[in-house]
Amino acid sequence: MDLRHLQTFHIVSSHLNFTKAAQILNYSQPTVSQQIKALEAEFGHTLLNRVGKKMYLTPAGHIVKRHTESLFGKLDSLTQELKKLEKPAGSLVIASPEFYCGRYLAHIIGPYIKLYPDVNLKLICCNSEETLKLVSSNQADIGFVAGDLTQSGIERRLIDEEELFLVAHPRLSIESPLQNMFDAHPFITYSLTGLIHNCLEEIQCVPKTIVECGSEEAIKQAVLGQAGIALLSDRIIEDEIKNHELQVLSRFSYTMPTYLISPENMKDFSTVSTFTDLTIKMWDTL
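Parameters and conventions
- Residues numbered from 1 in each chain as written.
- Predicted model: local features only at pLDDT ≥ 70, side-chain atom pairs only at ≥ 80, totals over all residues.
- Heavy atoms only, no water.
- Core = buried A, V, L, I, M, F, W, Y, C linked by side-chain atoms within 4.5 Å.
- Buried < 20%, exposed > 50% of the residue type's maximum accessible area, 1.4 Å probe, protein only.
- Helix = DSSP H or I, 4+ residues; strand = E, 2+ residues; numbered from the N terminus.
- Contact = heavy atoms within 4.5 Å.
- Arc of directions from axis to C-beta.
- Polar contact = N/O pair within 3.5 Å; in protein donor to acceptor, adjacent residues only side chain to side chain.
- Salt bridge = Lys/Arg side-chain N within 4 Å of Asp/Glu carboxyl O.
- Pairing = 2+ DSSP bridges.
- Axes fitted to C-alpha atoms, helices over the stretch in contact; angles between N-to-C directions.
- UniProt positions renumbered as here; feature names shortened; annotations may be inferred.
- 1 Å grid on protein atoms, 1.4 Å probe; cavity = no way out; pocket = protein on both sides within 12 Å on 5 of 7 lines; lining within 4 Å.
- Points joined across faces, edges and corners; volume = space filled by probe spheres on them.
- Nonpolar A, V, L, I, M, F, W, Y, C, P; charged D, E, K, R; others polar.

Looking at an unreviewed UniProt entry, one finds the protein named LysR family transcriptional regulator, with Sporosarcina oncorhynchi as its source organism.

Student: Which residues make up the nonpolar core, and what values go with them?
Tutor: Soluble globular proteins tend to pack their nonpolar side chains together in the buried interior. Ranked by internal contacts, the top residues of the largest apolar core, which has 53 residues, are Phe144, Ile229 and Phe275. Here this core takes seven residues from helix α5 (residues 98-115), the largest share from any one element. Non-local contacts of Phe275, meaning those with residues more than four positions away in its chain, are made with Leu92, Ile94, Leu105, Ile108, Tyr112, Ile142 and Phe144. Ala21, Leu25, Leu47 and Leu48 belong to the second largest nonpolar core, which has 18 residues in total.

Student: Account for helix α6 (residues 128-136), with residues named and values stated.
Tutor: For α6, every residue scored as buried is listed here: Ser128, Thr131, Leu132, Leu134 and Val135. Viewed along the axis of α6, the buried residues span an arc of 165°, placing them on a single side of the element. Of the surrounding secondary structure, the elements contacted by the buried residues of α6 are β3 (90-96), β4 (119-125), β5 (142-146), β6 (154-168), α9 (216-224) and β10 (247-263). N-capping of α6 is provided by Asn127, with a side-chain oxygen placed 3.2 Å from the backbone N of Glu129. Where α6 ends, the next residue or the one after it, Asn138, has phi of about 60°, a positive value.

Student: Before we move on, could you go through the environment of Val223 and cite the residues and values that matter?
Tutor: You can see Val223 is positioned in helix α9. Sequence separation between Val223 and Val211 is 12 residues, and the spatial gap between their C-alpha atoms is 11 Å.

Student: If you had to explain the pattern of salt bridges to someone new, which residues and values would you point to?
Tutor: All chains considered together, the criterion is met by eight salt bridges. Glu69 serves as the salt-bridge partner of Lys65, at 2.4 Å between the closest nitrogen and oxygen. Of this pair, Lys65 and Glu69 both sit in helix α4 (residues 59-83), four residues apart, roughly one helical turn. Here Glu217 and Lys220 are joined by a salt bridge, their closest N and O atoms 3.6 Å apart. Taken together, the positions of Glu217 and Lys220, both in helix α9 and three residues apart, correspond to about one turn of that helix. Of the residues examined, Glu217 reaches a relative accessible area of 18% and is grouped as buried. A relative accessible area of 7% means that Lys220 is categorised as buried.

Student: Go over helix α10 (residues 234-242), please, and point to the residues and values.
Tutor: Of all the residues in α10, the buried ones are Asp234, Arg235, Ile236, Ile237 and Glu240. Contacts from the buried residues of α10 go to α5, β6, α9 and β9 (229-233). His244, located one to two residues past α10, shows a positive phi value of around 60°.

Student: Before we move on, can you summarise the sheet that holds strand β7 (residues 187-189) with the specific residues and values?
Tutor: The strand order across the open sheet built from eight strands is β4-β3-β5-β10-β6-β9-β7-β8, with neighbouring strands paired in mixed fashion. Pairing within the sheet leaves two strands with one partner each, and these edge strands are β4 and β8 (210-212). With strand direction ignored, the average angle separating the axes of adjacent strands in the sheet is 25°. Where β5 and β10 come together, four bridges link them in antiparallel fashion. When the sheet's bridge partners are listed, Gly143 is paired in β10 with Ile261. On top of the sheet, α9 reaches β6, β7 and β9; it is set at about 135° to β9, its chief contact. Here α10 sits on the sheet and contacts β6, β9 and β10; the angle it forms with β6, its principal contact strand, is near 35°.

Student: Provide a residue-level description of the side chain of His185, including the pertinent values.
Tutor: Here His185 lies in the loop between α7 (178-184) and β7. In this view, His185 contacts Leu172, Ser173, Gly228 and Ile229; residues no more than four positions away in its chain are not counted.

Student: Quick one: what's the story with the UniProt feature "domain: HTH lysR-type" (unreviewed entry) in the protein, residue by residue and with numbers?
Tutor: Within this structure's numbering, the places UniProt gives as "domain: HTH lysR-type" (unreviewed entry) are residues 1-58. Secondary structure content for residues 1-58 is 62% helix and 14% strand, while the C-alpha to C-alpha distance between its ends is 20 Å.

Student: Can you lay out the layout of surface pockets for me, pointing to particular residues and giving the numbers?
Tutor: Quantified by volume, the largest pocket comes out at close to 410 Å³. If you go around the largest pocket, you meet 25 residues; those closest to its centre are Ala146, Gly147, Asp148, Tyr190 and Thr193. Among the secondary structure elements, those contributing two or more residues to the lining of the largest pocket are α6, β5, α8 (194-202), α9 and β9. When its residues are assigned to classes, the lining of the largest pocket shows 13 nonpolar, nine polar and three charged.

Structure representation (structure tokens):
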């Protein structure tokens, strides 16, 4: 079966006009007519009927139209995916916690756009849990997440490991043992993940009151505002510790991994692979 004949029928069935189809396909009208007749002979069914000046699809024509729409839709999708393997172009959606957006991505995006000006970037700031959901559902092409990953269908690259500190504002009355701090002040966190549970078990403390915040940056600002104590990574609070704005109550043997993630079926797309390579190259320097 000649694919060109199917394509001709696909265009004719969409416009029900030989002249219009000939213009779109850059064929002569007799060529369009001959290809339709050849397809009808091969199928053994009439596909089009003409009543006066109007053209109609026969029942067989409707069946063939339904299948050609599916066929050429898939071919178009195939073409678009193959284009993504060529020079980076089109859209690239990146999801990331606010801290990584400001600390790292703000400095990576500029050089990337200079290298690949045909790529349109969209940056979504959200916490690690929401980032993982966006990447898993193919709503984001690349994501940055902190913490352990068990999600299937995700390509991941370990790009950092961060130390974890329990911190408080220096003006809070520091009490010993540490459990007294958890009894006296709220524990501020964005979720009680397995890693946070492990850290709390290591110091044998149980929070009396928990306040959940939407991002690591929001948690840090809450602690700076003396709203409670929190467990944060060294990257997020290194300046505040150096400037004595935050006091370290405890360090942990556990580290928090940082991953660059993407949907497994997109790892070879040029927009994803080039951004991943540049990020890994620049990350440590930032």
